[in-house]
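Each chain, letter by letter, is given below.
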Amino acid sequence: MLAALLFLLLLGAWELYARAGNVDDFILPAPTEVGRALYDDRGLLWDNLLVTAQEVVLGLALALVVGAALAIALHFSPLLRRAVYPLLVGSQAIPIVTVAPLLVVWFGYGILPKLVIVALVCFFPIVVTTLDGLRSVEPEQHKLLRTLGASRWQAFRWAEAPAALPAALSGAKIAVAVGGIAAVFAEYAGSEDGLGHLLLQAIPQLETPRAWAAVVVLAALAVCCFALLALAERRLAPWAHRRKDPIP
Amino acid sequence: MATDLEAPVEGPRPGADEAEVELLGVTRTFGPVTALDGVTLRAARHEVVAVVGASGSGKSTLLELVCGLQAPDAGSVRAARAVLMPQRDQLLPWLDALGNAALPLRLQGVGKAQARERAHALLREVGLAGFERAKVYELSGGMRQRVAFARTLLAGAPVLCLDEPFGALDAITRAELHGWLTEVLAREPRTVLLVTHDVEEAAVLADRVVVLSPRPGRVVAEIAVETPRPRPATADEVVAVRARALEALAAAGGEAGGAREAGGEPG
């Protein structure tokens with residue numbers, strides 16, 4: 001409620017500044033101009049949204065699969081954890097923007113390099129949170145499971161994997177916020193469509209309202225993905241939203 | 001009714017007085033700390049032995065030795081298969097009450113439907129009829145301990161190691177569960193090692209109360225309780241046993257023998 005009020009206030013200020021200050025549309029379009037672009041270019045925006053949404057969703061799915069698998073491997077092998085974890089952290093310092101053109105050279109103009117870039121950006125928070133989730137099972141719980149006769153695999157199946165599920169989804173929620181940016185960079189590096197491609201064309205053509213409209217659509221995409229993940233978390237792991245220790 | 005409920009208890013039973021748990025001169029150290037020092041303790045089949053002591057007397061270590069989670073540094077531990085019931089229930093929040101109770105059966109490879117059916121009957125036994133589908137976070141602390149106990153029973157082990165099972169509960173719920181545990185054990189007798197720092201709880205529930213001194217844990221007293229269960233906390237013998245145990249604790253330097261603090265203890 002408060003967020004909506006603040007948003008409207010900022011929007012109003014922007015509108016006032018853009019109109020009263022007589023700022024050119026290609027420098028800073030008023031929100032109403034952006035709104036008009038959203039409406040006028042709706043077909044164009046929709047087509048390109050579908051492309052980018054596909055990249056973000058599939059890239060995130062790829063990141064979830066690879067990230068969770070890697071987290072499980074690191075969890076089961078302390079040796080691997082010691083060897084790989086520092087490299088993983090270091091890999092996050094690689095500026096993906098500069099690597100993106102290389103990936104285009106390797107994988108071509110299709111969707112593949114985009115998926116790889118989105119996944120590269122998204123998988124790190126997923127690995128970290130999933131690993132934390134796997135390790136969140138208390139030693140007491142493990143002792144209990146051992147006396148109940150559970151094997152290592154059964155401890156994973158019954159305790160660790162369910163504990164890691166909401167954690168992995170939390171990681172995905174963090175990742176999806178940057179996933180859209182990754183998709184745009186990937187499209188900058190070489191593409192024929194997508195919201196990034198649209199931005200890349202609109203800005204030099206001084207179609208600034210259209211560029212802003214693309215940004216709005218991109219933001220809406222991130223919010224939708226986030227909301228869907230939050231919903232999935234609620235449905236798949238309802239226990240994660242409850243207090244752990246009710247009063248006896 | 002109990003016959004189709006209880007999990008098959010393993011192994012031949014040579015004689016009723018055969019010790020099912022036997023610790024002989026057991027010493028366990030953690031670095032510079034001696035948790036247990038030359039502890040000898042026996043529990044006969046279906047005997048309820050309470051182990052009392054202040055924090056730091058190695059009570060939890062003792063249970064882990066019996067459960068095979070640790071090995072002694074000296075002495076010997078011989079025990080039939082034992083299952084741990086930890087102080088904090090450690091129920092899995094992603095399973096309902098029934099699923100948690102059925103967990104040991106599932107771990108033994110019993111199919112889901114059959115495991116749940118057996119757990120269903122046992123949950124009724126422990127007074128949780130109607131709560132089978134309840135999520136863990138919907139249950140009260142006392143109910144959770146009952147589910148945890150049902151889970152412990154369904155493991156089908158002859159020895160139950162209860163580590164402060166009622167330590168985190170309020171006094172009223174605790175007294176209620178004392179009566180309840182007495183009833184359940186009358187129907188489904190097992191060998192029980194009950195670790196507690198509540199001397200009264202020990203005197204009410206146990207056939208024998210073993211008092212441990214703090215750091216290092218040594219047996220400083222063994223008190224038999226003859227009054228048949230259920231016995232009220234006000235029974236003469238319970239009061240007398242409680243007094244003797246408290247004396248022994250005080251003599252051993254136990255600072256909080258009768259204290260009912262809910263906190264856990266390390267090791």
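Residues numbered from 1 in each chain as written. Chains lettered and ligands numbered in written order. Predicted model: local features only at pLDDT ≥ 70, side-chain atom pairs only at ≥ 80, totals over all residues. Heavy atoms only, no water.

## Digging into helix α8 (residues 236-252) of chain B
Residue and element names in this part refer to chain B.
Okay, step 1: Compared with the 24 Å implied by 1.5 Å per residue over 17 residues, the 24 Å span of α8 between its first and last C-alpha is a close match.
Okay, step 2: For α8, the complete set of buried residues consists of Val238, Val241, Ala245, Ala248 and Leu249. When α8 is viewed along its axis, its buried side chains cluster within an angular range of 100° and face the same direction. Within α8, the exposed residues directed more than 90 degrees away from the buried face are Asp236, Glu247, Ala250 and Ala251.
Okay, step 3: Packed against the buried residues of α8 are α7 (199-205), β8 (208-212) and β9 (219-224).
Okay, step 4: Just downstream of α8, Gly253 is the residue with a positive phi angle, here 90°. (Helix = DSSP H or I, 4+ residues; strand = E, 2+ residues; numbered from the N terminus. Expected span 1.5 Å × (residues − 1). Buried < 20%, exposed > 50% of the residue type's maximum accessible area, 1.4 Å probe, protein only. Arc of directions from axis to C-beta. Contact = heavy atoms within 4.5 Å.)

## Observations regarding the side chain of B:Thr27
Residues and elements named next belong to chain B.
Okay, step 1: Turning to its location among the elements, Thr27 is positioned in strand β1 (residues 19-30).
Okay, step 2: For Thr27, a relative accessible area of 16% gives the class buried.
Okay, step 3: Each residue touching Thr27, except ones within four places of it in the same chain, is listed here: Thr34, Leu36, Asp37, Gly38, Pro72, Asp73 and Ala74.

## Observations concerning the nonpolar core
Okay, step 1: Counting residues in each nonpolar core, the largest one holds 55 residues, and the members touching the most others are B:Leu123, B:Phe149, B:Leu162, B:Leu181, B:Val209 and B:Val211.
Okay, step 2: When residues in this core are grouped by element, the largest group, seven residues, is from helix α5 (residues 141-154) of chain B.
Okay, step 3: Per-domain counts for this core show at least three residues from each of domain 1 (13-81 + 159-267) and domain 2 (91-156) of chain B.
Okay, step 4: With sequence-adjacent residues up to four places away left out, B:Leu181 is seen in contact with B:Phe149, B:Leu162, B:Phe166 and B:Leu205.
Okay, step 5: By size, the runner-up hydrophobic cluster in this structure holds 47 residues, among which are A:Leu88, A:Cys122, A:Leu131 and A:Ala164. (Core = buried A, V, L, I, M, F, W, Y, C linked by side-chain atoms within 4.5 Å. Domains from an automatic or database assignment.)

## A closer look at the packing of aromatic side chains
Residues and elements named next belong to chain A.
Okay, step 1: What the rule picks out here adds up to seven aromatic pairs over all chains.
Okay, step 2: Geometrically, the ring pair formed by Trp153 and Phe156 is tilted, given 5.6 Å between the ring centres and 35° between the ring planes. Here Trp153 and its partner Phe156 are both found in helix α8 (residues 152-188), three residues apart, which amounts to about one turn of the helix.
Okay, step 3: On the basis of relative accessibility, which here comes to 57%, the residue Trp153 falls in the exposed class.
Okay, step 4: Taken together, the ring pairs in this structure connect Phe76, Trp153 and Phe156 into an aromatic cluster.
Okay, step 5: Against the face of Tyr39 rests Arg42, its NZ or CZ located 4.2 Å from the ring centre.
Okay, step 6: The ring of Trp158 carries the charged tip of Arg157 above its face, separated from the ring centre by 3.9 Å. (Phe/Tyr/Trp six-rings, centres within 6.5 Å; stacked < 30°, edge-to-face > 60°. Lys NZ or Arg CZ within 6 Å of the ring centre and 35° of its normal.)

## Quick notes on the environment of A:Pro31
Residues and elements named next belong to chain A.
Okay, step 1: Relative to the helices and strands, Pro31 resides in helix α2 (residues 31-40).
Okay, step 2: For the pair Pro31 and Ala18, spaced 13 residues apart in sequence, the C-alpha to C-alpha distance is 8.5 Å.
Okay, step 3: When residues no more than four places from it in sequence are discounted, the contact partners of Pro31 are Leu11, Trp14 and Glu15.

## Quick word on the interface of chain A and chain B
Okay, step 1: Taken residue by residue, the interface counts 25 residues in chain A and 29 residues in chain B.
Okay, step 2: At the boundary of chain A with chain B, total buried surface from both sides reaches about 2,500 Å², with 61% on carbon and sulfur atoms.
Okay, step 3: Between B:Glu64 and A:Lys143 there is a salt bridge whose closest N-O contact spans 2.7 Å.
Okay, step 4: Between chain A and chain B we count eight residue pairs in polar contact (both at pLDDT 80 or more) in total.
Okay, step 5: Elements represented by at least two residues in the side of chain A that touches chain B include exactly α7 (139-147) and α8 of chain A.
Okay, step 6: Looking at the side of chain A that touches chain B, the element that brings in the most residues is α7(A), giving seven residues.
Okay, step 7: Its residues assigned to classes, the side of chain A that touches chain B shows 13 nonpolar, three polar and nine charged. (Buried area = accessible area lost by both parts, 1.4 Å probe. Salt bridge = Lys/Arg side-chain N within 4 Å of Asp/Glu carboxyl O. Polar contact = N/O pair within 3.5 Å; in protein donor to acceptor, adjacent residues only side chain to side chain. Nonpolar A, V, L, I, M, F, W, Y, C, P; charged D, E, K, R; others polar.)

## Things to note about unusual backbone geometry
All names here are of chain B.
Okay, step 1: The amide bond that connects Arg215 to the next residue, Pro216, takes the cis arrangement and shows omega of 0°.
Okay, step 2: Within the fold, Pro216 resides in the loop between β8 and β9.
Okay, step 3: A cis amide bond, omega -5°, links Arg229 with the succeeding residue Pro230.
Okay, step 4: Considering the arrangement of structural elements, one finds Pro230 in the loop between β9 and α8.

## Observations concerning the sheet that holds strand β6 (residues 159-163) of chain B
Residue and element names in this part refer to chain B.
Okay, step 1: The six strands lie next to each other as β5-β6-β7-β3-β8-β9, forming an open sheet whose pairing is mixed. Of all the strands in the sheet, just β5 (82-85) and β9 have a single pairing partner and so form its edges. On average, adjacent strands in this sheet sit at an angle of 15° to one another, irrespective of strand direction.
Okay, step 2: Contacts from α8 reach β8 and β9 within the one sheet, and its direction differs from that of β9 by about 175°. (Pairing = 2+ DSSP bridges. Axes fitted to C-alpha atoms, helices over the stretch in contact; angles between N-to-C directions.)

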